[in-house]
Amino acid sequence: MRTKYLLTAAAALSTLAAPAFAQEIDDKPFDGLYVGGTVGFDAQRNDVNTSILFDRNLDGQFGDQVTTAAGGNAFSPGFCNGAARSNANLNCRNDKDNISYSGRVGFDKQFGHIVVGALGEFGKSEVRDSVSAFSTTPAFYTMTRKVNYNANVRGRAGYALDKTLFYGTAGGAYAKINSSFQTSNTANAFTARGDNDAWGLVAGGGIEQKLGKHFSVGLEYLYNRYKDDGFRVRATQGTAPVTNPFVLAPNTSGTDFRRSDDKFTWHSVRATAQFRF
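These lines cover the structure that appears in this document, whether it is placed above or below. Quick caveat, the model's predicted, so the values are computed rather than measured. Along every chain, residues carry numbers that run from 1 in the direction the sequence is written. In keeping with the predicted nature of the model, local features appear solely for residues at pLDDT of at least 70, side-chain atom pairs appear and are counted solely at 80 or more, and the whole-chain, interface and lining totals rest on all residues. Side-chain numbers come from the whole structure's heavy atoms, not from hydrogens or water.

Before going further, it helps to examine the side chain of Asn98. Under the scheme used here, helices are H or I runs from DSSP no shorter than 4 residues and strands are E runs no shorter than 2 residues, and both carry numbers assigned from the N terminus. By the element assignment, Asn98 lies in strand β6 (residues 98-111). Only heavy atoms matter for contacts: two residues are in contact if any of them lie within 4.5 Å across the pair. Once residues lying within four places of it in the same chain are set aside, the contact partners of Asn98 are Gly40, Phe41, Asp42, Glu126 and Val127.

Below you can see the structure in the form of structure tokens.
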């Protein structure tokens, strides 16, 4: 009989305790380990006044003027922000804004309404950024960069209202940059070289909405900035005459090119989805 009473009491206590345990779990909807992914759109800033710089005497200092045999500026037609469509008239197509996607893993700890955590992300952006120079020949010279892949590790901190989390995030980032060079000049010879590793930062914020015990979706903005200044192109004589501006005496060894903008930046707006364990 005593055993029967004890079992009945235990059952009653467990029935009363169940809502309390459920409430305890609901009190921390953004606590623990999660995995997820993102898909979104990346847009670049307007690179006004971007150009190509020249090192005419190969001393490592850029900003030299490339002059013709007559003493004029060989690049007097100018520069444009984009990839050249033709040899003249600064005819360029716009830089390419495009989609991005990534996978992520992270961990959060919730203290009342406050949520702090960290996450790592690995993904791909399809943005492409070009700059072109136009010579009096006429000819075009285009330097282009795009992202092979990128990764970041960042912290995040936010404020949770029931099952809605508002947060800010920032951290260090790495990108593998694919840089290339195109020209309509078939007389000179051109050699590309340089480092394609770029380091930088990402920062932004977002909102995450819990849809069930394990699943949440969200919307996030990130500002991406990488230092990218290692790519160089050297123009040498090739089949051009000795009066060619790139090898004009007394500096006959050639001319180096680099972009004037050493930062690769873009803005990301993406949808997120997470599964919490």
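The strand order across the open sheet formed by four strands is β2-β15-β14-β11, and the pairing between neighbours is antiparallel. The sheet terminates laterally at β2 (52-55) and β11 (189-193), the two strands that pair on one side only. Sheet twist, expressed as the mean angle between neighbouring strand axes with direction ignored, is 25°. A strand pair is defined by DSSP finding two or more bridges across the two strands. Here four bridges tie β2 to strand β15 (residues 255-259), and the two strands are oriented antiparallel to one another. Bridge assignment links Leu53 to a residue of β15, and that residue is Arg258. All axes here are fitted lines through C-alpha atoms, helices being fitted over the stretch that makes contact, and every angle between N-to-C directions spans 0 to 180 degrees.

For strand β8 (residues 128-135), the tally of buried residues reaches seven of eight residues, placing the bulk of the element in the interior. Relative to β8, strand β3 (residues 78-80) is paired through three bridges, and the arrangement is antiparallel. Paired with Cys80 across the two strands is Ser132, which belongs to β8. For β8 and strand β9 (residues 139-161), the ladder comprises eight bridges, and the chain directions are antiparallel. Residue Val131 lies in a different strand from β9, and its bridge partner there is Met143. Hairpin remark: β8 followed by β9, antiparallel, with three residues in the connecting loop. Burial classes follow relative accessibility: with a 1.4 Å probe on protein chains only, a residue under 20% of its type's maximum area counts as buried, one over 50% as exposed, and anything between as partly exposed.

By convention, a stacked pair of Phe, Tyr or Trp rings (six-membered ring in the case of Trp) has centres within 6.5 Å and planes under 30 degrees apart, an edge-to-face pair has planes over 60 apart, and any other such pair is tilted. Evaluation of the coordinates by the stated rule reveals 18 aromatic pairs. Ring geometry for Phe264 and Trp266: centres 5.1 Å apart, planes at 65°, overall edge-to-face. The class of Phe264 is buried, set by a relative accessible area of 1%. Through pairs of rings, three or more aromatic residues link up here, namely Phe54, Phe75, Tyr141, Phe181, Phe190, Phe246 and Phe257. Here the basic side chain of Arg156 rests over the ring of Tyr167, its NZ or CZ set 4.5 Å away from the ring centre. In this analysis the charged atom, NZ for Lys or CZ for Arg, is taken to sit over a ring once it is within 6 Å of the ring centre and within 35 degrees of the ring normal. Here Lys210 stacks its cationic end above the ring of Phe30, 6.0 Å away from the centre of that ring.

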